[in-house]
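Results of the structural survey
If you want the building blocks of each chain, they are given just below.
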Amino acid sequence: MTHSNKIIFRCFFSLLFFLVFLLSCSENNSIDKEILAKTYVDILVAEEYYKNIDSINIEKEKVFKKYSIDTASYYSTLKSFSSDKESWNDFFKLANTYLDTLKANVKSSTLKIEQL
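In this report, we go over the structure that sits alongside the text.

The rules behind these values
The residue numbering used here restarts from 1 in each chain and proceeds along that chain's sequence as written. Reporting in this predicted model follows two pLDDT cut-offs: at least 70 for local features of residues, and 80 or more for side-chain atom pairs to be given and counted; totals over whole chains, interfaces and linings ignore these cut-offs and use all residues. The side-chain numbers reported here are obtained from all heavy atoms of the structure, hydrogens and water having been left aside. Strands are runs of DSSP state E lasting at least two residues, helices are runs of H or I lasting at least four, and both sets are numbered from the N terminus onward. We call two residues in contact when some of their heavy atoms are within 4.5 Å. Here the open area of atoms and residues is found with the Shrake-Rupley method and a 1.4 Å probe, where only the protein chains shown may cover a residue. Put simply, two rings from Phe, Tyr or Trp (the six-membered ring, in Trp's case) pair if the centres are within 6.5 Å, and we call them stacked under 30 degrees between planes, edge-to-face over 60, tilted for the rest. Accessible area is worked out with a 1.4 Å probe on protein chains only. A residue is then buried under 20% of its type maximum, exposed over 50%, and partly exposed in between. Criterion for a salt bridge: a side-chain nitrogen of Lys or Arg within 4 Å of a carboxyl oxygen of Asp or Glu. In protein, a polar contact requires one atom able to donate a hydrogen and another able to accept it; more generally it is a pair of N or O atoms within 3.5 Å, and residues adjacent in sequence count only if both atoms are side-chain atoms. To define a nonpolar core, start from buried Ala, Val, Leu, Ile, Met, Phe, Trp, Tyr and Cys residues and group those joined through side-chain atoms within 4.5 Å.

**What about the overall build of the chain?**
Regarding its fold elements, the chain presents five helices and zero strands. Pairs at least 24 residues apart make up 71% of the contacts formed inside the chain by residues separated by at least 6 positions. Total accessible area on the chain is roughly 9,000 Å²; 61% of this is exposed by carbon and sulfur atoms.

**Observations concerning the packing of aromatic side chains**
A full pass over the atoms with the stated rule returns nine aromatic pairs. Ring geometry for Y49 against Y50: centres 4.8 Å apart, planes inclined by 85°, an arrangement best described as edge-to-face. A residue is classified by how much of its surface remains accessible, and Y49, at 63% relative accessible area, is exposed. Measuring from centroid to centroid gives 6.4 Å for F81 and F91, while their planes differ by 40°, and the two rings are tilted. On the criterion of sequence distance, the pair formed by F81 in helix α4 (residues 71-82) and F91 in helix α5 (residues 85-115) is long-range, its members being 10 residues apart. Exposure class is identical for F81 and F91. Each is buried.

**Some words on the environment of I43**
Residue placement: I43 occurs in helix α2 (residues 33-49). For the pair I43 and E61, spaced 18 residues apart in sequence, the C-alpha to C-alpha distance is 9.4 Å. Once you skip the residues sitting within four places of it in the chain, I43 turns out to touch K60, V63, F64 and Y74.

**Here's the deal with the pattern of salt bridges**
By the definition in use, this model includes five salt bridges. Between K33 and D90 there is a salt bridge, and its shortest N-O distance comes to 3.4 Å. With K33 in helix α2 and D90 in helix α5, this pair connects stretches of sequence that are 57 residues apart. Among the residues examined, K33 registers a relative accessible area of 22% and is labelled partly exposed. Here K66 ties to D42 by a salt bridge, and the two come within 3.2 Å at their closest N and O atoms. Of this pair, K66 sits in helix α3 (residues 53-66) while D42 is found in helix α2, placing the two residues 24 residues apart along the sequence. The exposed category is assigned to K66, whose relative accessible area is 54%. D42 gets classed as buried once you look at its relative accessible area, which sits at 11%.

**Describing the side chain of D42**
Within the structure, the side chain of D42 is placed 2.8 Å from the side chain of Y67, a separation counted as a polar contact. The residues contacting D42, other than those within four sequence positions of it, are V63, K66, Y67, Y98 and L102.

**Side note on the nonpolar core**
Within soluble globular proteins, side chains that are nonpolar generally end up buried alongside one another. Counting 16 residues, the largest nonpolar core has L36, Y40, I69, Y74, L78 and F91 as its most contacted members. Elements with a minimum of two residues in this core: α2, α3, α4 and α5. Counting residues per element, this core draws most heavily on α2, which supplies five residues. In this structure, I69 is in contact with I31, I35, T39, F64 and Y74, ignoring residues within four places of it in sequence.

What follows is the structure in structure tokens.
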């Protein structure tokens, strides 16, 4: 292998490594819209239920753990969705659907308790 071929070979693999690195970083920081919507709603519910900031933070950590995501990924994905109107609208539709499901579950549980 000639010297120029070695240089081309190194450049090619350096570029390939860089592209793989970029793709893996972007995949790790992005959260599925449905998971993001559920996380968002669960955090809003916790913020509504708890008034103490420490309790809210504890509940937020539980929510992040529940969905196996980290705080930084949550906020960066939320920010990326907010910059795209279509993604933002889809996200809020999913969040509203999940919230309606939670409300229906609470209502159903309340009816069952009242029937006892």
